[in-house]
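Examination of the molecular architecture
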Amino acid sequence: MTTPSASPQGCLDTADQLLTSVPRGTRGAWPRACAWLLRLALETAMDDYWLRSRPEIASMQARSPQFLVLDRYAGRHIAARAGYAWSALSRAGHHHSYELGLTAGELRRLREMVGAVVQELAGAQVAHERGADD
C-alpha cells in the first residue's frame, strides 16, 4: 500500500486499496483507517472548494459551520450528501466498545458518496449566495 498524497483523489485511491485488499497486520484496524481516509478526502475537497469560492469561509477553524453554509453556496444536494458522509465517517473513526464498526459494504457506499461529492465540489462554479428556495 502506498502513502496517500494530500489530495482528495490520493486519499480515495488509498481507501480503495484498503477496500480491495487488507494489508498484513491491519486486520480489524483497516475499516477505521479507511473511514479516516474517506473523511480526509471529503475535508480536503471542502477546503479546496472554499479556498476557490469563499476564502473567508475556508479560514474558519471549525468544520461544522462550513457544512452548515454549504447548501447556500454549492446546493442542497451536495450539502446533504457531504454532511451525511462526514457525520457517518466521523462517528466510524472513533472506537466505541458498544458499537460495531462499519462493514466493508457500508464503507464502499460511503466511498461512492464521497467520490461523487469530491467530483461535484471540484467542478462547482465559483459560488454565489443562493436563495433559501434553491
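Figured I'd write up the structure that's included with this text. (Residues numbered from 1 in each chain as written. Predicted model: local features only at pLDDT ≥ 70, side-chain atom pairs only at ≥ 80, totals over all residues. Heavy atoms only, no water.)

All right, on to the overall build of the protein then. Within the protein one finds six helices and zero strands. Starting at the N terminus and walking to the C terminus, you meet the elements of the protein as α-α-α-α-α-α. For the protein, with 134 residues in total, the buried portion stands at 40%. For the protein, the exposed area adds up to about 7,700 Å²; of that, 54% sits on carbon and sulfur atoms. (Helix = DSSP H or I, 4+ residues; strand = E, 2+ residues; numbered from the N terminus. Buried < 20%, exposed > 50% of the residue type's maximum accessible area, 1.4 Å probe, protein only. Areas by Shrake-Rupley, 256 points an atom, 1.4 Å probe, with all protein chains shown as cover.)

One finds Cys34, Leu42, Tyr49, Leu70, Val114 and Leu121 to be the most contacted residues of the largest nonpolar core, which totals 37 residues. For this core, the leading source of residues is helix H2 (residues 30-53), giving eleven residues. (Core = buried A, V, L, I, M, F, W, Y, C linked by side-chain atoms within 4.5 Å.)

On to the packing of H2 against helix H4 (residues 64-74), then. Between H2 and H4, the least distance of the axes is 12 Å, while the angle of their chain directions is 55°. Judged by the inter-axis angle, H2 sits oblique to H4. For the pair H2 and H4, the sense of crossing is left-handed. Where H2 abuts H4, its residues Leu42, Met46, Asp47, Tyr49 and Trp50 lie against Gln66, Phe67, Val69, Leu70, Tyr73 and Ala74. Split into classes, the residues belonging to the contact of H2 with H4 amount to nine nonpolar, one polar and one charged. (Axes fitted to C-alpha atoms, helices over the stretch in contact; angles between N-to-C directions. Parallel < 35°, antiparallel > 145°, perpendicular 65-115°, else oblique. Left-handed = near helix turned anticlockwise from the far one by under 90°. Contact = heavy atoms within 4.5 Å. Nonpolar A, V, L, I, M, F, W, Y, C, P; charged D, E, K, R; others polar.)

Let us now look at the pattern of salt bridges. All told, the structure shown has five salt bridges when counted by the stated rule. Taking the shortest distance from any N to any O, the salt bridge between Arg54 and Glu56 comes out at 3.4 Å. Among the residues examined, Arg54 registers a relative accessible area of 24% and is labelled partly exposed. (Salt bridge = Lys/Arg side-chain N within 4 Å of Asp/Glu carboxyl O.)

In this section: the packing of helix H5 (residues 76-93) against helix H6 (residues 104-123). Where H5 meets H6, the closest approach of the two axes is 10 Å, and the angle between their N-to-C directions is 135°. Considered as vectors, H5 and H6 are oriented oblique to each other. Between H5 and H6 lies a crossing whose hand is left-handed. Packed against H5, whose contacting residues are His77, Ile78, Arg81, Ala82, Tyr84, Ala85, Ala88 and Leu89, the element H6 presents Arg109, Leu110, Met113, Val114, Ala116, Val117, Glu120 and Leu121 at the interface. For the contact of H5 with H6, the class distribution of residues is twelve nonpolar, one polar and three charged.

A word on the packing of aromatic side chains. Summed over all chains, the structure comprises three aromatic pairs. With centroids separated by 5.1 Å and ring planes inclined at 65°, the aromatic side chains of Tyr49 and Trp50 adopt a geometry described as edge-to-face. There is no split in this pair, since Tyr49 and Trp50 are both buried. Arranged with centres 5.6 Å apart and planes meeting at 85°, the rings of Trp50 and Tyr73 form a pair that is edge-to-face. Placement of the pair is Trp50 in helix H2 and Tyr73 in helix H4, with a sequence separation of 23 residues. Among the residues examined, Trp50 registers a relative accessible area of 0% and is labelled buried. Through successive ring pairs, a cluster of aromatic residues spans Tyr49, Trp50 and Tyr73. (Phe/Tyr/Trp six-rings, centres within 6.5 Å; stacked < 30°, edge-to-face > 60°.)

Turning our eyes to something else, we now look at the side chain of Arg111. Take Arg111: it is sitting in helix H6. For Arg111, the residues in contact, after removing those within four places along its chain, are Gln9, Leu12, Asp16, Leu19 and Leu38.

These results come straight from atomic positions and should not be treated as a statement about function.
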